[in-house]
Amino acid sequence: MKGRRYDIRLKRNTKAADNVVGQAVQDIQDVILDPLQKNALGGLRKRQPLPAQAPKCYPDKGRSYLLSLGNLLFPFYNPTFAIGLGIIYWLITWQFQALVTQHGISSGKIDMLGISTTVAGVMAYMPLYLIQAMINSISLTAMLGGLYLTLLWYVDAFEQPGLRRYLTQFVVGTSHFLAHLTAMFTLSMVVVMLNNWMAPPIERQLNALYRSRGEQAPIIRDVIEESLMPLQREAQKRETTATATEPAKPTPIREVIGFMSYPTLMVLLGAVVGGMVWGLYWVVAGLFGRMHAAEAFAALRIKNYKNFLRLKFEQDKLTIYPLGIDKVPGPDHWMNAPRGRANPLPSNPKLIAVKPIDVRLIENPIVIRAYDDTPADS
C-alpha cells in the first residue's frame, strides 16, 4: 500500500472586496471565469490566489449591536451575579453609614434625609463626606481601593499596543468605578430616606402600644415593657441632651428599623441598579471600544444564531458552505425516531425535528480548486 498526501491551501494573496458591489463583481467572476480557466488548463490550473470575498459577520453588525443592548437588563439575565453586586454595595455603604453616625459626618444631614434635607442636597457634598470617612477608617479605604483595582484589572484592553493599553485601562476602569461609586452612594441615600419615611408611622404605633400596656394581660404587658421600655428611656435621654447647636439624634426605634430594613433594601435595589450599571458598561465598551464582546454575549444566553460549516470534497475541488440558523428549535420541536420502522433520515438520528429547520447560507460557497504543482518546464 502506498499512501498519498493531500495538501489543501487556504492562503489568500488578494485583498477583500471593499463593499457589496465589489463582492457582487467577484461573485460574477467566480461563476464566469473559473470554468474558462479550468478548461484552458485541461482540468487542473496552475497555482493562483483564491478570489477574495468581502468579510461577512453573522449575525450582521447592526443586529449584533441591537442584541448587545440586552445587557441593559443584565440583572434579570444574571440574578446571582447581580445579587453579588448588591452585597458589595451594602457592605461598603453600611461601613460608611456607621462612620457617619460614629464621627458625626455631615452634621446630621444624612440622618435627616427626607425630613429636613434632600438626596440632591446631600450628594452635592458626598465627595467631602466620603473623604472624611476614609480618613477615619482603613477598612473602608481598603474596600474602595480593592474595588477600584479590580475594575482596572478587568478592562479588556489586551489588544491595545504598549502604553495605549495602560492608558485605556486607566480611563475605562476609572469611569466604571466612578459609575458604581455614584450609583451605590446615591442608592444608599435613597434607602436612608425611605427608612426615615417608614419609621414615623411604625414609631407612633409602638408608642401607642407602650402607653396602652396596662390594658393588656399581665404576660403581654411584661413582654411590651421588656422590649420597648429600654427604647423609650433612650429616646427620652436623647431629647433631654439635645441642644440648639446639636439636634437630637435619630430615635432608637428609627435605628432599629434602619438596622432591619437597610441591608434588605440595599442588597435588592443594589442588585438591580448595580447590575444595570455593569450591563451599561459592557454595552458602551462594546460599541465604542470593541471590548468584552465575549462576556457580554455569553451573559445574554442567546440560544439563536448558530452557525457551522459543511464541507464537500470532490476530486478537483473543495466547496465550503457557511451555514447559519437564525432561530434554534426549542425542546418541543423534536420527537424520538420511530421504533420498528426505518429511519426517514440517512444519518439515522435519535431525534427528528417536527418541522423543517430553517438553515440558510451566510455567504456564497467558498470553492477551493486543485492546482497542478509540477514545474512549468517538466
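Conventions and cut-offs
Residues numbered from 1 in each chain as written. Predicted model: local features only at pLDDT ≥ 70, side-chain atom pairs only at ≥ 80, totals over all residues. Heavy atoms only, no water. Axes fitted to C-alpha atoms, helices over the stretch in contact; angles between N-to-C directions. Helix = DSSP H or I, 4+ residues; strand = E, 2+ residues; numbered from the N terminus. Parallel < 35°, antiparallel > 145°, perpendicular 65-115°, else oblique. Left-handed = near helix turned anticlockwise from the far one by under 90°. Contact = heavy atoms within 4.5 Å. Core = buried A, V, L, I, M, F, W, Y, C linked by side-chain atoms within 4.5 Å. Buried < 20%, exposed > 50% of the residue type's maximum accessible area, 1.4 Å probe, protein only. Phe/Tyr/Trp six-rings, centres within 6.5 Å; stacked < 30°, edge-to-face > 60°. Lys NZ or Arg CZ within 6 Å of the ring centre and 35° of its normal. Pairing = 2+ DSSP bridges. Salt bridge = Lys/Arg side-chain N within 4 Å of Asp/Glu carboxyl O. Polar contact = N/O pair within 3.5 Å; in protein donor to acceptor, adjacent residues only side chain to side chain. Arc of directions from axis to C-beta.

Give a description of the packing of helix α4 (residues 79–103) against helix α10 (residues 252–289) that names residues and reports values.
For the pair α4 and α10, the least separation of the axes is 7 Å and the interaxial angle reads 125°. With respect to α10, the element α4 is oriented oblique. The handedness of the crossing between α4 and α10 is right-handed. Across the interface between the two elements, F81, A82, I83, L85, G86, I87, Y89, W90, T93, W94 and Q97 from α4 touch F259, Y262, P263, M266, V267, G270, A271, G274, G275 and W278 from α10.

Describe the nonpolar core, and please don't skip the residues or the numbers.
Counting 45 residues, the largest nonpolar core has F96, I110, L113, M126, F185, M189 and W282 as the members making the most contacts within it. Those elements giving two or more residues to this core turn out to be α4, α5 (119–123), α6 (126–136), α7 (138–154), α8 (162–211), α10 and α11 (293–300). Tallying contributions element by element places α8 first for this core, with 11 residues.

Run through the packing of aromatic side chains, naming residues and quoting values.
Following the criterion strictly, the structure yields 13 aromatic pairs and no others. Relative to Y262, the ring of W94 lies with its centre 5.7 Å away and its plane at 50°, an arrangement referred to as tilted. Here the residue W94 occupies a position in helix α4, and Y262 occupies one in helix α10, the gap between them amounting to 168 residues. Note on W278 and W282: the rings are 6.4 Å apart at their centroids and 75° apart in plane angle, and the pair reads as edge-to-face. Here W278 and its partner W282 are both found in helix α10, four residues apart, which amounts to about one turn of the helix. When sorted by exposure, W278 lands in the same class as W282, which is buried. Its guanidinium or amino end placed over the ring of Y125, K109 lies 5.2 Å from that ring's centre, counting from NZ or CZ. Stacked on the ring of Y166, the Lys or Arg R165 has its end atom at 5.5 Å from the ring centre.

Could you give an account of the pairing of strand β2 (residues 317–325), naming the residues involved and the relevant values?
Most of β2 sits out of view: seven of its nine residues are buried. In this sheet, β2 lies alongside strand β1 (residues 306–313) in antiparallel orientation, the contact comprising eight bridges. Note on β2: the bridge partner recorded for R310 is Y321. Where β1 folds back onto β2 in an antiparallel hairpin, the turn is made up of three residues. Where β2 and strand β6 (residues 366–369) come together, four bridges link them in antiparallel fashion. Within the sheet, the bridge partner assigned to K317 lies in β6 and is R369.

Describe the pattern of salt bridges, with residues and values.
Taken as a whole, this structure holds two salt bridges when the rule is applied. Taking the shortest distance from any N to any O, the salt bridge between K317 and E314 comes out at 3.9 Å. In this structure K317 comes out as partly exposed when scored by relative accessible area, which is 24%. Between D326 and R360 there is a salt bridge; the shortest N-O distance is 3.0 Å. Highlighted residues: D326 in the loop between β2 and β3 (334–336) and R360 in strand β5 (residues 360–361), separated in sequence by 34 residues. Among the residues examined, R360 registers a relative accessible area of 36% and is labelled partly exposed.

So what's going on with unusual backbone geometry? Which residues, and what values?
Here Y58 and P59 are connected by a cis peptide whose omega angle stands at -15°. Take P59: it is sitting in the loop between α1 (20–40) and α2 (61–68). Residues other than glycine seldom take positive phi values, yet S107 does so here, at roughly 55°. Here the phi dihedral of R301 falls at roughly 55°; this positive angle occurs in a residue that is not glycine. Of note, R301 is situated in the loop between α11 and β1.

Could you give me a rundown of the side chain of T93, with the residues and numbers involved?
Here T93 is to be found in helix α4. Residue classification places T93 among the buried residues on the basis of a relative accessible area of 0%. One polar contact links the side chain of T93 to the main-chain carbonyl oxygen of W90, over a distance of 3.3 Å. Leaving out residues up to four positions away in the same chain, T93 has contacts with M184, F185, S188, Y262 and M266.

Can you tell me about α11, naming the residues and giving the values?
Residues of α11 that are buried: A296, A299 and L300. End-on view of α11: buried residues confined to an arc of 105°, all on one side of the axis. Seen from the buried face of α11, the exposed residues on the opposite side, beyond 90 degrees, are A294 and A298. Taken together, the buried residues of α11 touch α2, α3 (74–77) and α10. Where α11 ends, the next residue or the one after it, R301, has phi of about 55°, a positive value.

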